[in-house]
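Residue strings, one per chain:
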Amino acid sequence: MTPQTASRNITAAPEFRLLIIAVLVFGLMSVLSPDRFLSSQNLTSMAFQFPEFAILALAMTITMLTGGIDLSVVGVANLSAVVAALILTQFADPAMPAGQSAIWLAMAMAAALAIGAVAGLANGCLVAFFGLPPILATLGSGLVFTGFAIAMTGGSAVMGFPPTVAVIGNAQVLGIPVPLILFVALAIVLHLLLTRTAFGLRVTMFGANPLAALYAAIDINRMLLKVYVIAGVFSSIAGLIIMSRANSAKADYGSSYLLLAVLIAVLGGVNPYGGYGRVIGVVLAVLSMQFLSSGLNMLGVSNFARELIWGALLILVMVINTHAVSALRSSLKPSK
Amino acid sequence: MSSDHDTAFIDLRAITKRYAGVTALDSVDFTVQPGEAVCLAGENGSGKSTLIKIISGVEPGTEGSVRIAGEERPVLNPRISAAAGVMVIFQDFSLFPNLSVAENIAFATQLTQQERFYKAGAAREIARTALERIGVEIDLDARVEALPVAQKQLVAICRALASRAQLIIMDEPTTALTEKEVRRLQGIIRKLKDEGVAVIFVSHKLAEVLEVSEKVVVLRNGKKVAEGPASEFDTQSLTYHMTGRDVAEVPPSDVRAGAETLMEVRGLSKAGSFSDISFELKAGEILGITGLLGSGRTSVAKALFGLVVPDEGAITVEGHPVPTGDPQAASRARIGYVPEDRLTEGLFLSQSILRNVAIGRLDAHTKSGVLNMGGLVSEAADWLKRLKVKAPDVNAPVQSLSGGNQQRVALARWLSRAPRVLVLNGPSVGVDVGSKADIHDIIRDLASQGIGIIVISDDLPELLATCHRILVMREGRIIDALDGRAVSEDELARRLAS
């Protein structure tokens, strides 16, 4: 590959467009509200805010790569958080010495991750063995997970944690917020998983053509189970961050995150029909959304208007991508 | 010449069609007179589909003029074209399987008449008239999905007639027909011509329709390379014009004496699709399985690779039983399967050429969970080179390749897994004649290396050019086993269609 074609490839990638969008939004917000948007306080606060939904977007990404979707991510996150919170409130006294409560925190986290894995496994079974369309399977299971969380809590928030819990969501290591570290780590893990393992390649290929995957003797069921388990575990990590930041857990936290996770994945260039998507694109989409969201906030736009803007953005991006895809297709297939 | 143009129903002049830099049609003149039957011949990619698309209004030409029924048509779309009497019958007939014969025939007519309500009585009347015109009887209330292929085709013809067709374009009309059915179709075509309805046959198997046609037009690489009365053409001269060269093929050399039995199939049965399929395959042997569309050949092929679950029967490879109905087990037993439909079953179209090959060897290149990308890519690239895949960029999507090269990519995927048995379903479907001969070379070469090969095909010259033995299937059973190098094409055709 000559340097020239390499640079053309980079500029032609959808991720390049996203980089420009992210920079533009950042620039625009900096100009519109320079004192507040660019303040170190705002930058830090953004770094605390986005990881929780960004991780949900990563979970969404891997399911979308297979041509599926996981509408239960928020349900899984809340169920995991509720279980962790119940363990903490049951066994860890807020007055407990830090060392002791840390053990309970570890137990609670392990339980949350296990819940995420089991929930993901359930989703995977519905999709792989029962052959349900992922959008319906996870819509239903999401309600079930939320229902469990409500049943366990009576619908009210679970609170009263030992202070160590704050480590997940509110602490900084070398000035870097812990949630941000978690997000970066998970993004790297997912990136490596997708690009450096047989599993990752199979996920993308299956998304590109499930029938051809069957004919290529790929163990589709096993692959799908793994995909949804990963999505479930990622969701439960997001749930733990939410729990720590809110210092409580509740069955209906983060209800706007589902739309946001779908939006970010699609904005990030993940093909909702499967077969294409890169983690770097999703990361750039996360940044664009966070810049936009914080900026609008500072300009005094209400939260309700924000959802309207997100929804409109999702539709717009889909329209643009669909047209870009069909234009690409027609240029590739001259005649038959 | 000018009078030709004046009377013509279809009159295309200097039609050129370019897609993103590719010239699909290059200044082609094409006329069809009322009541004339024209054979439009050409390999895949020769431009015949593009020509049909222009006539039927699916796509506009880049340059040139289109006249239908004497009228200049600067703007054309499928509705205008259909209103002018141009009807296309695609290979799959585009019928509604869940509706009745009468509904299928009358549907389009009732739509064009802007009827708001469906009138069952009127529909039956329309359908009856159309059937009478071609002199056949089909139960008006039968559901179309329950009809045999030949009758579905008749329903499609009647639908075209009911919509006042002046020209019926038939895509590959004889592929699924028995000899008897082909003769009946010929009779119907003659009747249509007597009524002044013109017909265009689009096909690469033209021998069967040549005798009812007046004119032959051959396209190659978007140019008209031959045109003349049908009586001046035969299969051989058509092939010559289509390919621009004489393609002579040598049958495979003998199977090595004392070659061990690789695969054994015993009593494979599946209700409603095939029954009691038994055969043996030796190392280095090429076994053909043929039959008309619907004879069960494809289901058997899929069953060999675990894609169709048989009710009964056993498959062994090198003496080891292979669990049926499990593609991964078949793959582990080193059976490879190249499906008939490359576009939906065989390839990951949007993915790169390299990946399409590499997907078969992921596990072999994985060490403690990490994929050795370098090794994987270089092996895949090596196979692409060995099969002489012509690709400017192996990282380009596989859909950018021609049919012949796509087929090589599908083959490369399985060859990289060192199969013992390779099942090739329609190895040269949709591949141009030149690449076809190359693919046959590859098949013979693989067999000489000791791979057992099963070729599933209804392309008789292909079977004769590649197979040691040919099994003929009808209604789900093997009815004949022939020596591929002793039997003639006519004899094979007779056994197939009798």
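As the structure is a computational prediction, the values presented were derived from the model and not from experiment.

Student: Help me out: how do you make sense of the overall build of chain A in this one?
Tutor: On a plain count of helices and strands, chain A comes out with 15 helices and four strands. Summarising its shape, the C-alpha atoms of chain A cover approximately 75 × 55 × 35 Å along the three principal directions. For chain A, the proportion of its 336 residues judged to be buried stands at 46%.

Student: Even after reading the chapter, I still don't get the overall build of chain B, so can you show me in this structure?
Tutor: Along chain B, the regular secondary structure elements total 18 helices and 22 strands. Computed over its C-alpha atoms, the radius of gyration of chain B comes to 24 Å, within 12% of the 23 Å expected for a compact globule of 498 residues. Viewed in the frame of its principal axes, chain B has a C-alpha envelope of about 70 × 50 × 45 Å. Taking as baseline every contact in chain B between residues at least 6 positions apart, the subset at least 24 positions apart corresponds to 67%.

Student: Before we go on, may I ask you to explain the interface of chain A and chain B in this structure?
Tutor: Buried accessible area, meaning the area lost when the parts come together, often serves as the stated size of an interface. At the interface, 22 residues of chain A touch 34 residues of chain B. For the side of chain A that touches chain B, the element with the most residues is helix α10 (residues 198-208) of chain A, which contributes five residues. Of the residues in the side of chain A that touches chain B, the class split is twelve nonpolar, five polar and five charged.

Student: Would you take a moment to explain the nonpolar core for this structure?
Tutor: Buried together is how nonpolar side chains tend to be arranged in soluble globular proteins. If you look at the biggest cluster of nonpolar residues, it comprises 178 residues, and the most contacted ones within it are A:L56, A:A57, A:A84, A:A261 and A:I264. Per element, the largest residue contribution to this core is 13 residues, and it comes from helix α12 (residues 220-246) of chain A. Sequence-distant contacts of A:A84, defined by excluding residues within four places in its chain, comprise A:A108, A:M109, A:A111, A:A112, A:L240, A:M243 and A:A249. Of all hydrophobic cores here, the second largest spans 69 residues; its members include B:V38, B:V101, B:I168 and B:L238.

Student: Looking at this model, I keep getting lost on the sheet that holds strand β12 (residues 274-282) of chain B. Mind explaining?
Tutor: Hydrogen bonds between backbone atoms are what pair the strands of a sheet, whose relative direction is either parallel or antiparallel. All names here are of chain B. One open sheet accounts for four strands, arranged β12-β11-β14-β15; its pairing is antiparallel. The open sheet terminates on both sides in strands that have one partner only, identified here as β12 and β15 (320-322). Put simply, the sheet's adjacent strands are angled 20° from each other on average, direction ignored. Direction of pairing for strand β11 (residues 261-270) relative to β12: antiparallel, over a ladder of six bridges. Residue pairing across strands places K270 opposite F274, the latter belonging to β12.

Student: Please explain the sheet that holds strand β19 (residues 421-425) of chain B as it appears in this structure.
Tutor: All names here are of chain B. Read across the open sheet, the six strands follow the order β16-β19-β20-β13-β21-β22; overall the sheet is mixed. Each edge of the sheet is formed by a strand with only one pairing partner; in this case those strands are β16 (335-338) and β22 (477-483). This sheet shows a mean twist of 20° between the axes of neighbouring strands, independent of strand direction.

Student: Can you walk me through the domain arrangement of chain B in this structure?
Tutor: Residues and elements named next belong to chain B. Segmenting chain B into domains produces domain 1 (2-243) and domain 2 (261-497). Taking only C-alpha atoms into account, the centre of domain 1 sits 33 Å from that of domain 2. Taken residue by residue, the interface counts eleven residues in domain 1 and eleven residues in domain 2.

Student: Just checking my understanding: could you explain the confidence of the model for chain A for this structure?
Tutor: Atomic detail in the predicted coordinates should be set aside for any region of low pLDDT. Residue and element names in this part refer to chain A. Mean pLDDT for chain A: 87, with 92% of residues reaching 70 or above. At the level of individual helices and strands, chain A shows its lowest average pLDDT in helix α1 (residues 3-12), which scores 51, and its highest in α12, which scores 96. Per-residue pLDDT stays below 50 along residues 1-8; that stretch engages in one contact with residues further than four places along the chain or on separate chains.

Student: Would you mind showing me how to read helix α5 (residues 73-91) of chain A here?
Tutor: Along an α-helix, residues three or four positions apart point the same way, because every turn accommodates 3.6 residues. The terminal C-alpha atoms of α5(A), which comprises 19 residues, lie 27 Å apart, in line with the 27 Å expected from a rise of 1.5 Å per residue. Among the 19 residues that make up α5(A), 14 are buried, leaving the element largely enclosed by the rest of the structure.

Student: Got a minute to help me understand the environment of B:V197 in this structure?
Tutor: Looking at the element boundaries, B:V197 is found in the loop between α7 (179-194) and β8 (198-203). Spatially, the C-alpha atom of B:V197 lies 18 Å from that of B:E71, the residues being 126 residues apart in sequence.

Student: Sorry, what's going on with the packing of α5(A) against helix α6 (residues 98-128) of chain A here?
Tutor: Describing two packed helices takes the angle between their axes plus the distance from one axis to the other. All names here are of chain A. Remark: α5 packs on α6, axes separated minimally by 8 Å, with the N-to-C direction vectors making an angle of 150°. Relative to α6, the element α5 is oriented roughly antiparallel. Between α5 and α6 lies a crossing of right-handed hand. Two secondary-structure elements touch here, α5 through V76, L79, S80, A81, V83, A84, I87, L88 and F91 and α6 through W104, L105, M107, A108, M109, A111, A112, I115, G116 and A119. In terms of residue class, the contact of α5 with α6 is made up of 17 nonpolar, two polar and no charged.

Cut-off values and rules
- Residues numbered from 1 in each chain as written.
- Chains lettered and ligands numbered in written order.
- Predicted model: local features only at pLDDT ≥ 70, side-chain atom pairs only at ≥ 80, totals over all residues.
- Helix = DSSP H or I, 4+ residues; strand = E, 2+ residues; numbered from the N terminus.
- Buried ≥ 20, exposed ≤ 12 C-beta atoms within 10 Å, placed from the backbone.
- Rg over C-alpha atoms; globule rule 2.2 N^0.38 Å.
- Contact = placed C-beta atoms within 7 Å.
- Nonpolar A, V, L, I, M, F, W, Y, C, P; charged D, E, K, R; others polar.
- Core = buried A, V, L, I, M, F, W, Y, C linked by C-beta atoms within 7 Å.
- Pairing = 2+ DSSP bridges.
- Axes fitted to C-alpha atoms, helices over the stretch in contact; angles between N-to-C directions.
- Domains from an automatic or database assignment.
- pLDDT = per-residue confidence, 0-100.
- Expected span 1.5 Å × (residues − 1).
- Parallel < 35°, antiparallel > 145°, perpendicular 65-115°, else oblique.
- Left-handed = near helix turned anticlockwise from the far one by under 90°.

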